Amino acid sequence: MTNSGAAKAPVLGVRALGRATLARQFLLDRSPSSALDAVRHLLGLQAQNVRPPYYALAARLDGFAPEELSALMADRAVVRIVTLRSTIHTHTAEDCLTLRPLVQPARDRELGAFRAGLAGVDLERLAVRARELVEAEPRTMAQLRAALGAEWPDADPRSLAVAARCRLPLVQVTPRGLWGRSGQVALTTAEHWLGRPAQPAPDAGDVVLRYLAAFGPASVKDMQAWAGLTRLRDVFERLRPRLLTFRDPNGVELFDLPGAPRPDPDTPAPPRFLPEFDNLLLSHADRARVVPPAYRGRAWQGNQAHRTLLVDGFLAGLWRLDGGLLVVETFGELARSRREAVVAEGARMLAALHPGQPHDVRFGTVVRR
C-alpha cells in the first residue's frame, strides 16, 4: 500500500532491509543474550519439529548450549504451543499466556474449515469438556479424539480434537521438546501447566513494536503474515507518530522503530545454518530481503520445509545431517573463501550442539532447477 507520505519516505533497498532484519534476529552478530531473553526478543521460535528451536538459537547466540533451552522447557519457563499462523512455537511462559489470546480470532476462523464435522456440537460445552479431560491428565490428540467422540458420536472425531485445540490454549508437555529426549505429543492447558490464570490479550500496538524490534523494518502486510492476523492497518496508523517510515524498492510503505539498528548494506553477513521453518523466512509478506527471486520456493517441498543456509545474508542452499556428517547443498557455486567460511560455521554449529562427537562438513551436489 502506498500513500503520499510513503512516496516521500526514504527508500531502503533489499540489502539494507536484509541487514537490518539480520541484526535484529542476532544473525549478523551473535548475541550474548540468554536463551530466555532471546526467545522473548524474537517473540518465539518456530517449533513444528523438536530440534528447530535449538538450531535457531545456536545460529543466533554466542556460547549457546542446547541444555540451556531444554532446562527452561523442563522448568516451564518456555512452552510449545500453537500460536502464530496456526503453527507450533516455543514461547516464554508470559508470551504463551498473552500472544495466544491475541491470535485467538485466527484460531476461531480456522474452525470454519471443520464446520461440517462439528454439526450440532456446542463449542462452549466442548471447550469445557476438553479442558476437564486434559487437566485431569495430559492427553494425546488420539486420546482426545476418542474421549470427545464418545460424547459426540455423530461428529467427526478429528474435527472435535481440532476444535479443542482451537478453543483452548493447549501446550505440549515435557518430555516432548527436551534435547536428547523423546516423547509423543501430549497436551494440557497453558494455565494448568504453568500454574497461572489466563491473561488478557496484549494491546496490539505493543506487539507491533515488539515485532518491529525483531523483524523490522516492515509493512502492515508483513506483520499480518507473521501473526496470521488481518486488519492491523489501524494499529499502525495509531502508532505512526512514534515510528519512522521508509519505502521498499516497490514503493511499499515500511514502518520502523527510531532507535532500531539499520546497518550499512555492505556490512558483512557471515554464513548461518538455520533450521526448517525458521521465522526469518516466514515473517514477511515480501521475503526478498532474505530470499533472492531466483531461489523462491527452493526452501520448501510440498508442506515440508528444508533446513537452509544463508550466505552473505541471503538464502543460498540447503543442509542436512547424516550421522556426524553435515552435507551442504548450495544453489550455485561458492567462491573458495565463502566455502571455507561455510565449513567453519558448520563445524562451529556441530561442536555447539553435538560436543564431543566426531563430525565433518562436506559439500554435496549443487542444487539446480
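Above this text is the structure in question.
**Q** It is not clear to me how the overall build of the chain should be interpreted in this structure. Could you clarify?
**A** Within the chain one finds 15 helices and 14 strands. Computed over C-alpha atoms, the radius of gyration of the chain comes to 21 Å, within 12% of the 21 Å expected from 2.2 N^0.38 for 369 residues, which places it in the range of a compact globule. With respect to the principal axes defined by its C-alpha atoms, the chain has extents near 65 × 60 × 40 Å. The buried share of the chain, taken over its 369 residues, is 53%. Sequence-distant contacts in the chain: of pairs separated by 6 or more residues, those separated by 24 or more amount to 67%. On the chain, roughly 15,900 Å² of surface is accessible, and the fraction owed to carbon and sulfur atoms is 52%. For the chain, the centre of its 49 positive side-chain charges and the centre of its 39 negative side-chain charges are spaced 4 Å apart.

**Q** Honestly, the side chain of Gln-172 in this entry has me stumped. Any pointers?
**A** Inspection of the secondary structure assignment puts Gln-172 in strand β4 (residues 170-172). Residue Gln-172 is classed as buried on the basis of its relative accessible area of 9%. Polar contacts involving the side chain of Gln-172 include one to the side chain of Arg-80, which spans 2.9 Å. Leaving out residues up to four positions away in the same chain, Gln-172 has contacts with Arg-80, Ile-88, Val-185, Ala-186 and Leu-187.

**Q** Looking at this structure, how should I read unusual backbone geometry?
**A** When glycine is set aside, most residues are seen to have a negative phi, and most peptide bonds are trans. A cis geometry characterises the amide bond from Thr-174 onward to Pro-175, with omega recorded as 15°. Following the sequence through the fold, Pro-175 ends up in the loop between β4 and β5 (187-189). Here the residue pair Gly-216 and Pro-217 is connected by a cis peptide bond, since its omega of -5° sits within 30 degrees of zero. With respect to the helices and strands, the residue Pro-217 is situated in the loop between α12 (204-215) and α13 (220-227). One non-glycine residue, Leu-43, lies in positive phi territory at about 60°. The residue Leu-43 is located in the loop between α3 (35-41) and β1 (45-46) in this model. The backbone of Phe-277 sits at a positive phi, close to 65°, despite the residue not being glycine. Mapped onto the secondary structure, Phe-277 falls in the loop between β8 (272-274) and β9 (300-301).

Analysis parameters
Residues numbered from 1 in each chain as written. Predicted model: local features only at pLDDT ≥ 70, side-chain atom pairs only at ≥ 80, totals over all residues. Heavy atoms only, no water. Helix = DSSP H or I, 4+ residues; strand = E, 2+ residues; numbered from the N terminus. Rg over C-alpha atoms; globule rule 2.2 N^0.38 Å. Buried < 20%, exposed > 50% of the residue type's maximum accessible area, 1.4 Å probe, protein only. Contact = heavy atoms within 4.5 Å. Areas by Shrake-Rupley, 256 points an atom, 1.4 Å probe, with all protein chains shown as cover. Lys, Arg positive; Asp, Glu negative; His and termini not counted. Charge placed at Lys NZ, Arg CZ, Asp CG, Glu CD. Polar contact = N/O pair within 3.5 Å; in protein donor to acceptor, adjacent residues only side chain to side chain.

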